[in-house]
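Remarks on the overall topology
So you can see what is in the structure, the chains are spelled out below.
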Amino acid sequence: MKKGIVIIFLLIVSITSGYSQQKTSSSGWKSERQSVFGGVGYNFFMGDLGGGKGEAAHFFGIRDVDLACTRPSFQLGYAYRCLEQLTARAHFTYSMIHGDDAESANIYRQARNLNFKSNLFEFGFTADYYFVKEKRISRFNTFESVGQWRKKISAYFFLGFDAIMFNPKGKLDGKWYKLQPLCTEGQGTGVVMKVVDEYSNTITIPTEKSTYKTFAFSIPIGLGVKYSLNNKMAISLEISNHYTTSDYIDDVSSDYYFNYEQEGITPPNELTTKFADRHFDVDENNNLIDPSAPYKSGHMRRGNSGYNDAYLITMICFHYKLPGSIFNAKPKYY
């Protein structure tokens, strides 16, 4: 009798244990909800300054990337796995962005002769959807057979919302100057300009009634691939395009140069007119003429206000999974 009770008891324990292990295995990701990550990469500014040989590209315009003006980016963040295929991330990113017409292969951009650099601080959130699921790696299977590495690969796309801060500076005679206070496009005057375009048409263009803000928002959209090194650590490669709500990250937006003297207005700074128009002449063979002969103001585009600024970031990140959180207890069997 006693032997029968013991056998029944052992069977119950065995069945219960097996069920618990199966249940935990199917929802094992819940014990790995939290992680922290850090990354380093490069950014490619896509605004009015610099760029490739052809016409300006927009959206994911890889062809307009100017490799000479790429600069580093750094990132730190926290991730929480809401669902098996959905992760929410909070991150802080610091980037050094740069654009220079002298580095462009386009003769007309070289003739514009403008440049800028800026520190860019970005804080925001993204939602990652794993269209290739991130699989749970057992801590006991550190050395796996050949071919098992495929199970360690996952892929995702993400969409987010960020707040950004920037402060463009321009270089003149070897020194860098803050551009926003100079009002290089007549910001703060509210004047309606009358200018003649390249087709001899008179166009009226209103200037901004206030200086532009050095605070804006961006929407990052991107793709990522992750590789699990073990049950705690992973490495990922991401590429994303950040569309912003500002067209002044490089201090350039308006179609035409604002002539303070012609409008009878005193510039806010003696450097304003120097940074507003630094054009060179271009001859009939599309060659730059001596820089001592600046391009005639008011007849050539300074920027394109039809599109806001954007920037691409390519980032390599290292991820580390945190132990069980207060939201969910660590499972007994795993």
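Residues numbered from 1 in each chain as written. Predicted model: local features only at pLDDT ≥ 70, side-chain atom pairs only at ≥ 80, totals over all residues. Heavy atoms only, no water.

Turning our eyes to something else, we now look at the overall build of the protein. Counting secondary structure elements, the protein contains 4 helices and 12 strands. For the protein, with 334 residues in total, the buried portion stands at 42%. Summarising the internal contacts of the protein: among those between residues at least 6 apart in sequence, 76% fall at separations of at least 24. A total of about 18600 Å² of accessible surface is found on the protein, and carbon and sulfur atoms cover 60% of it. (Helix = DSSP H or I, 4+ residues; strand = E, 2+ residues; numbered from the N terminus. Buried < 20%, exposed > 50% of the residue type's maximum accessible area, 1.4 Å probe, protein only. Contact = heavy atoms within 4.5 Å. Areas by Shrake-Rupley, 256 points an atom, 1.4 Å probe, with all protein chains shown as cover.)

Counted under the stated rule, the structure contains 6 salt bridges. Across the pair Arg89 and Asp128 runs a salt bridge, and its minimum N-O distance is 2.7 Å. Of this pair, Arg89 sits in strand S3 (residues 86-100) while Asp128 sits in strand S4 (residues 115-132); the two residues are 39 residues apart in sequence, bridging distant segments of the chain. Take Arg89: its relative accessible area is 6%, and that puts it in the buried class. The buried category is assigned to Asp128, whose relative accessible area is 2%. Taking the shortest distance from any N to any O, the salt bridge between Lys226 and Glu134 comes out at 3.6 Å. In this pair, Lys226 sits in strand S10 (residues 215-228) while Glu134 sits in the loop between S4 and strand S5 (153-165), placing the two residues 92 residues apart along the sequence. (Salt bridge = Lys/Arg side-chain N within 4 Å of Asp/Glu carboxyl O.)

Taken together, the side chains of Lys117, Lys169, Lys171 and Lys178 present a region of like positive charge at the surface. By secondary structure assignment, the location of Lys171 is in strand S6 (residues 169-172). (Patch = residues over 30% accessible without salt bridge, like charges linked within 9 Å, V, L, I, M, F, W, Y side chains within 5 Å. Lys, Arg positive; Asp, Glu negative; His and termini not counted. Charge placed at Lys NZ, Arg CZ, Asp CG, Glu CD.)

As enumerated under the stated definition, the model contains 11 aromatic pairs in all. Centroid distance Tyr129 to Phe157: 5.6 Å. Interplanar angle 50°. Geometry classified as tilted. Note that Tyr129 is positioned in strand S4 and Phe157 in strand S5, a separation of 28 residues in sequence. Where Phe131 meets Phe157, the ring centres are 6.3 Å apart and the plane angle is 20°; that geometry is what we call stacked. (Phe/Tyr/Trp six-rings, centres within 6.5 Å; stacked < 30°, edge-to-face > 60°.)

This part is about the side chain of Glu134. With relative accessibility at 9%, the residue Glu134 sits in the buried group. In this structure, Glu134 is in contact with Arg81, Ser154, Lys226, Ser228 and Lys321, ignoring residues within four places of it in sequence.

Quick look at the side chain of Arg278 now. Along the chain, Arg278 falls in the loop between helix H4 (272-276) and strand S12 (310-321). Within the buried set, Arg278 has no salt-bridge partner at all; the shortest N-O distance to an opposite charge, 6.5 Å, is to Asp173. Here Lys171 takes part through its backbone oxygen, which lies 3.0 Å from a polar atom of the side chain of Arg278. (Polar contact = N/O pair within 3.5 Å; in protein donor to acceptor, adjacent residues only side chain to side chain.)

With that out of the way, let us pick up empty space enclosed by the protein. A full pass over the atoms with the stated rule returns 5 cavities of 30 Å³ or more. There is about 170 Å³ of room inside the largest cavity. Lining the largest cavity are 17 residues, with Ser35, Ala79, Tyr130, Glu134 and Lys226 sitting closest to its centre. Put simply, the parts of the chain that give the lining of the largest cavity at least two residues each are strand S2 (71-83), S3, S4, strand S11 (233-244) and S12. In terms of residue class, the lining of the largest cavity is built from 5 nonpolar, 3 polar and 9 charged. By volume, the second largest cavity is sized at about 130 Å³. Forming the walls of the second largest cavity are 14 residues, and the residues nearest its centre are Gln75, Phe158, Glu238, Ser240 and His242. Elements that contribute at least two residues to the lining of the second largest cavity include exactly S3, S4, S11 and S12. (1 Å grid on protein atoms, 1.4 Å probe; cavity = no way out; pocket = protein on both sides within 12 Å on 5 of 7 lines; lining within 4 Å. Points joined across faces, edges and corners; volume = space filled by probe spheres on them. Nonpolar A, V, L, I, M, F, W, Y, C, P; charged D, E, K, R; others polar.)

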